[in-house]
Amino acid sequence: MVNTGVGGGDTEETHRDPSDHYREHGSTAAPAKAPHRQMWSVVFLCFYGFIVQLKPGEPFITPLLLSPEKNFTREQVTNEISPVLSYSYMAVLVPVFLLTDFLRYKPLLVLQSLSHVAIWLLLLHGTTLLQMQFMEFFYGITMATRVAYSSYIFSLVAPVLYQRVASYSRSSVLMGVFVSSVLGQLCLSLGGVSYAMLSTISLGFVSLGLLLSLCLPWPKRSLFFNRRQDERAEAAQCELVKMDPSGFPSSTVTSSWRSSLFLQMVKELRNVVRMPNLRLWSLWWVFNSAGYYLVLFYVHILWNKVYPSTENKHVYNGGVEAASTLLGAITSFAAGFVKIRWNLWSELMIGVITALQAGLLLLMGTTDSIWVCYVSYTLFKGLYQFLVPIATFQIASSLTKELCALVFGVNTFLGTILKTIITIIVVDKRGLGLSVHSQFSLYFFYFAVLTVIYLGSAATVLIRHCRVRSGNATSTETPAKELCPLGTCGSEPDQHPVNGVSVKR
């Protein structure tokens, strides 16, 4: 599972010299030494991000639970153990999001490492259903605390370096996942290592990650709660200008901003909803990410159902995860070079990709070939990762980093709520308790409905755009006095705006 770092918008500060940033905020270090310390802090954090992803046993957790070593049934894993992950993630996401900023990142990364250690201790020594449910509970904590790593790196450097360090952070995580999956597959297929030994190796790596987390520097500032008064006021003004260049009532920029930037940001979320392009990509983030993670949570159970191998060396979960991670990294990189009119073609691109994902889910849910399942999953994951950086850019380019972080947090939380509701109704044994094949049929239907909605919206946008162009062409070919009453000719295009706002590229 791949994180997406949240970058800031294009503010005036983004284009200043880093040394100005340190003089402005009263750093005690000399400007010449500050970048050197920054560099080593970033290198250490990226190394930490790489190490904590080294869990070669992770792609094989489901085969381990279903193997004679643990001897749980497929129904127990599907309907009783796995759903706890969604519940745990939803329960701790909001507290973690707030505490991450308030406690300045490091304590949450330590909590993440402690949870990693607990996971692998339970997998090594746990034998009961309750212990495996606790294992999933701790797994939910590790997922929720990933936001701390994603945002931590922005507190270490000047805004001018945000884009660069975000790429370093993301690359280190992807490389860690890739190396971990390859290592696990090699150990299993060529080394003849047991699942228990893989778990022991993973425990060793996460224990090293715990030691590294204790050595991380502790930032003095964060986005919302740990800022000086003048920084908070400056951020508030910047947000107001970004959200409404025409100006807000003077009463808005008063003590409420100075007392709590975070609370005022929450109030400003309603203005984000009014921006069509931000609304579109936020809805994509909520609905498509919910379906994406449901597929990721249960695809390993599907693979075991399609091909219940009795020999560990013939289980290729690690190789498939490595291939899908590599493809995801390639598609994410390629997305940065896509140049189209986003306010016109966004809905169509989302609709086409969602349709392809729906087709791949139908293929996974109906085929009897494990290799077709593997390839379909790899392509499914790559298509999602292609849209992630585009959605990130479309949302972040119109907002400053404070409101951007909050928007991503709200989107993630809403997606988690939706995912949890689906889990309760569809997966949990207290709900429908569907088998894994029935679940994937439902996920296909879910993505098919999203496809119809996106393509319908795309058709509406394109028809409206054609009408606007036709109206403009007619008004230029025909004398204005015959079609346009006095003073209305220039307003015609504004009465039929194309869906979406113009986004800087």
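Residues numbered from 1 in each chain as written. Predicted model: local features only at pLDDT ≥ 70, side-chain atom pairs only at ≥ 80, totals over all residues. Heavy atoms only, no water.

K.L.:
I keep staring at the nonpolar core and nothing clicks. Help me out?
P.N.:
Membership of the largest hydrophobic core comes to 119 residues, with the highest contact counts inside it found for Leu45, Leu65, Leu123, Trp281, Trp284 and Phe440. Ignoring sequence-local partners within four residues, the contact set of Leu123 consists of Ile61, Leu64, Leu65, Lys70, Met132 and Met135. (Core = buried A, V, L, I, M, F, W, Y, C linked by side-chain atoms within 4.5 Å. Buried < 20%, exposed > 50% of the residue type's maximum accessible area, 1.4 Å probe, protein only. Contact = heavy atoms within 4.5 Å.)

K.L.:
Even after reading the chapter, I still don't get the pattern of salt bridges, so can you show me in this structure?
P.N.:
If charged atoms from side chains of opposite charge come close, those side chains can pair. Using the criterion set out here, one finds 4 salt bridges in the structure. Note that Lys55 is salt-bridged to Glu58, the shortest N-O span being 3.4 Å. For Lys55, a relative accessible area of 1% translates into the label buried. With relative accessibility at 21%, the residue Glu58 sits in the partly exposed group. Residues Glu321 and Lys381 are paired through a salt bridge, measuring 3.2 Å at the closest nitrogen-oxygen approach. In this pair, Glu321 sits in helix H15 (residues 317–335) while Lys381 sits in helix H17 (residues 370–396), placing the two residues 60 residues apart along the sequence. (Salt bridge = Lys/Arg side-chain N within 4 Å of Asp/Glu carboxyl O. Helix = DSSP H or I, 4+ residues; strand = E, 2+ residues; numbered from the N terminus.)

K.L.:
What exactly am I supposed to notice about H17 here?
P.N.:
Residues spaced three or four apart along an α-helix face the same direction, because each turn holds 3.6 residues. Here H17 contains 27 residues, and its C-alpha end-to-end distance of 39 Å stays within 8% of the 39 Å for a straight helix at 1.5 Å per residue. Within H17, 20 of the 27 residues are buried, which leaves it mostly tucked inside the rest of the structure. (Expected span 1.5 Å × (residues − 1).)

K.L.:
Even after reading the chapter, I still don't get unusual backbone geometry, so can you show me in this structure?
P.N.:
Most peptide bonds are trans, and most residues other than glycine sit at a negative phi. With a phi close to 65°, Asn71 is a non-glycine residue in the positive phi region. Summarising the element assignment, Asn71 is placed in the loop between helix H3 (61–66) and helix H4 (74–81).

K.L.:
What exactly am I supposed to notice about the packing of helix H14 (residues 276–306) against helix H16 (residues 342–366) here?
P.N.:
For any two helices packed against each other, the geometry comes down to the angle between their axes and how far apart the axes lie. Between H14 and H16, the least distance of the axes is 12 Å, while the angle of their chain directions is 15°. Compared by their axis directions, H14 and H16 come out roughly parallel. For the pair H14 and H16, the crossing hand works out as left-handed. Facing H14, whose interface residues are Asn277, Leu280, Trp281, Trp284, Asn288, Val295, Val299 and Leu302, H16 presents Trp342, Ser346, Glu347, Ile350, Thr354, Gln357, Leu361 and Met364. Of the residues assigned to the contact of H14 with H16, the class counts are 10 nonpolar, 5 polar and 1 charged. (Axes fitted to C-alpha atoms, helices over the stretch in contact; angles between N-to-C directions. Parallel < 35°, antiparallel > 145°, perpendicular 65-115°, else oblique. Left-handed = near helix turned anticlockwise from the far one by under 90°. Nonpolar A, V, L, I, M, F, W, Y, C, P; charged D, E, K, R; others polar.)

K.L.:
I tried to follow the packing of aromatic side chains on my own but got confused; where do I start?
P.N.:
The description of an aromatic ring pair rests on the distance of the ring centres and on the angle between the ring planes. Counted according to the given criterion, the structure contains 19 aromatic pairs. Taking 5.4 Å as the distance between ring centres and 25° as the angle between the ring planes, the aromatic pair formed by Trp284 and Tyr384 counts as stacked. Taken together, the positions of Trp284 in helix H14 and Tyr384 in helix H17 put the pair 100 residues apart, joining distant regions of the chain. Considering the side-chain rings of Tyr292 and Phe380, the 6.0 Å spacing of their centres and the 15° angle between planes classify their relative orientation as stacked. Residue Tyr292 is found in helix H14, and its partner Phe380 is found in helix H17; the two are separated by 88 residues along the sequence. Residue Phe380 is classed as buried on the basis of its relative accessible area of 0%. (Phe/Tyr/Trp six-rings, centres within 6.5 Å; stacked < 30°, edge-to-face > 60°.)

K.L.:
Looking at this model, I keep getting lost on the side chain of Ser41. Mind explaining?
P.N.:
Among the structural elements, Ser41 can be located in helix H2 (residues 34–52). Under the relative-accessibility criterion, Ser41 is labelled buried at 19%. For Ser41, the contacting residues outside a window of four places in its chain are Leu156 and Pro217.

K.L.:
Would you mind going over the packing of H4 against H14 with me for this structure?
P.N.:
Between H4 and H14, the shortest axis-to-axis distance is 11 Å and the interhelical angle comes to 165°. In terms of orientation, H4 and H14 fall into the roughly antiparallel class. Along this stretch, H4 crosses H14, giving a crossing that reads as left-handed. Of the residues in H14, those in contact with Arg74, Val77 and Thr78 of H4 are Tyr298, Ile301, Asn304 and Lys305. Residues that form the contact of H4 with H14 fall into these classes: 3 nonpolar, 2 polar and 2 charged.

K.L.:
Just to check I follow, could you spell out the environment of Ser438 for this structure?
P.N.:
In this fold, Ser438 is placed in helix H19 (residues 436–477). When its relative accessible area of 33% is taken as the criterion, Ser438 is described as partly exposed. Along the primary structure Ser438 and Gly365 are separated by 73 residues, whereas in three dimensions their C-alpha atoms are 7.8 Å apart.

K.L.:
For this particular structure, what's the right way to read the confidence of the model for the protein?
P.N.:
Detailed conclusions should not be drawn from predicted coordinates in areas where pLDDT is low. Looking at the protein as a whole, the pLDDT averages 78, with 75% of positions reaching at least 70. Scored below 50 in pLDDT, residues 1–33 shows 65 contacts in the model against residues more than four places distant or in partner chains. (pLDDT = per-residue confidence, 0-100.)

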